[in-house]
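Given next are the chains, with one letter for each unit.
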Amino acid sequence: FGIPVVTDVHETVQVQAVAQVADILQIPAFLCRQTDLLLACASTGKPVNVKKGQFMAPEDMKGAIAKLEQGGAAGKILLTERGTTFGYHNLVVDMRGLQTMREMNVPVIFDATHSVQLPGGLGGASGGQRQFIRSLSRAAAAVGIDGIFMEVHPDPDHALSDGPNSLNFEQAERVLQEGKAIYDLVRSFI
């Protein structure tokens, strides 16, 4: 399709093989502090997207950036916000965190669908509140993010993973159109 491929890397032994086929390596949120994994990804020369752990403050991502820069990824680092754990089964997005991470001089991506995930909210699986994706995405665009990440499925209620916090294609298109309009407006003030 001629579009860039982004995929997670979970272990250092996977990094070189994944780097041969992926355009961007992604560090999952729960692994964002793993020095060996960050350095291995940086050594590939590929851009690295690090999802902020749900247990971390936005300013703590400076550590991940420093490790990636030490490994040679300067200028190829992205950070993704996906919410912060707030009590049981809840993630909350503090829009101040998007600005805090942008002040680190790296592109910031808003993970619109994982931000409404309810970890463990269905007992044996995660739930989600997709009704909040549009409003949170608009708010993130107004803060000045550089991109939006979304889980999209033709039939989210029957998706094998992340269904409760996914959008269908029509809903995703609407979120992107609204976000782009707000992005353009915000950029006109700069």
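Residues numbered from 1 in each chain as written. Predicted model: local features only at pLDDT ≥ 70, side-chain atom pairs only at ≥ 80, totals over all residues. Heavy atoms only, no water.

Caption draft 1: Summary view of the overall build of the protein. Of the regular secondary structure elements, the protein holds six helices and ten strands. Relative to a compact globule of 190 residues, whose C-alpha radius of gyration would be 16 Å, the protein shows 16 Å and is just as compact. Seen through its principal axes, the protein has C-alpha atoms that stretch 45 × 40 × 40 Å. In the protein, buried positions account for 41% of the 190 residues. Expressed as a percentage of contacts within the protein between residues at least 6 apart in sequence, the contacts between residues at least 24 apart total 60%. Total accessible area on the protein stands at roughly 10,100 Å², and carbon and sulfur atoms take up 55% of it. (Helix = DSSP H or I, 4+ residues; strand = E, 2+ residues; numbered from the N terminus. Rg over C-alpha atoms; globule rule 2.2 N^0.38 Å. Buried < 20%, exposed > 50% of the residue type's maximum accessible area, 1.4 Å probe, protein only. Contact = heavy atoms within 4.5 Å. Areas by Shrake-Rupley, 256 points an atom, 1.4 Å probe, with all protein chains shown as cover.)

Caption draft 2: A look at the nonpolar core. L25, C41, V50, M61, L68 and L79 are the most contacted members of the largest nonpolar core, which totals 40 residues. A total of five residues in this core trace back to one element, the largest contributor, which is helix α2 (residues 35-42). Once you skip the residues sitting within four places of it in the chain, M61 turns out to touch C32, V50, K51, K52, M56, L79, M101 and M104. (Core = buried A, V, L, I, M, F, W, Y, C linked by side-chain atoms within 4.5 Å.)

Caption draft 3: The sheet that holds strand β3 (residues 48-51), seen in detail. What the six strands build is an open sheet, ordered β1-β2-β3-β4-β7-β10; its pairing is parallel. The sheet terminates laterally at β1 (6-8) and β10 (147-149), the two strands that pair on one side only. Sheet twist, expressed as the average angle between the axes of neighbouring strands with direction ignored, equals 30°. Lying on the sheet, helix α4 (residues 95-102) is in contact with β4 (77-81) and β7 (108-111); it crosses β7 at an angle near 155°. (Pairing = 2+ DSSP bridges. Axes fitted to C-alpha atoms, helices over the stretch in contact; angles between N-to-C directions.)

Caption draft 4: View of α4. Among the residues making up α4, those that are buried are M95, G97, L98 and M101. Buried residues along α4 cover an arc of 150° about the axis, so they all sit on one side. (Arc of directions from axis to C-beta.)

Caption draft 5: Spatial organisation of the packing of α4 against helix α5 (residues 133-143). At a minimum axis distance of 9 Å, the contact between α4 and α5 shows a crossing angle of 35°. The chirality of how α4 crosses α5 is right-handed. The segment α4 lies against α5, with M95, L98 and Q99 engaging L136, A139, A140 and V143. (Left-handed = near helix turned anticlockwise from the far one by under 90°.)

Caption draft 6: Up close: the packing of aromatic side chains. Here the structure, examined in full by the defined rule, presents one aromatic pair. Taken together, a centroid distance of 6.2 Å and an interplanar angle of 15° make the contact between F30 and F55 stacked. Here F30, found in the loop between β2 (24-27) and α2, pairs with F55, found in the loop between β3 and α3 (61-70); they are 25 residues apart in sequence, far enough to count as distant. Given a relative accessible area of 61%, F30 falls into the exposed group. The exposure class of F55 is partly exposed, given its relative accessible area of 45%. Geometry around F149 places K51 over its ring, the cationic atom sitting 4.0 Å from the centre. (Phe/Tyr/Trp six-rings, centres within 6.5 Å; stacked < 30°, edge-to-face > 60°. Lys NZ or Arg CZ within 6 Å of the ring centre and 35° of its normal.)

From the geometry alone we can't say anything about function, so treat these as descriptive.
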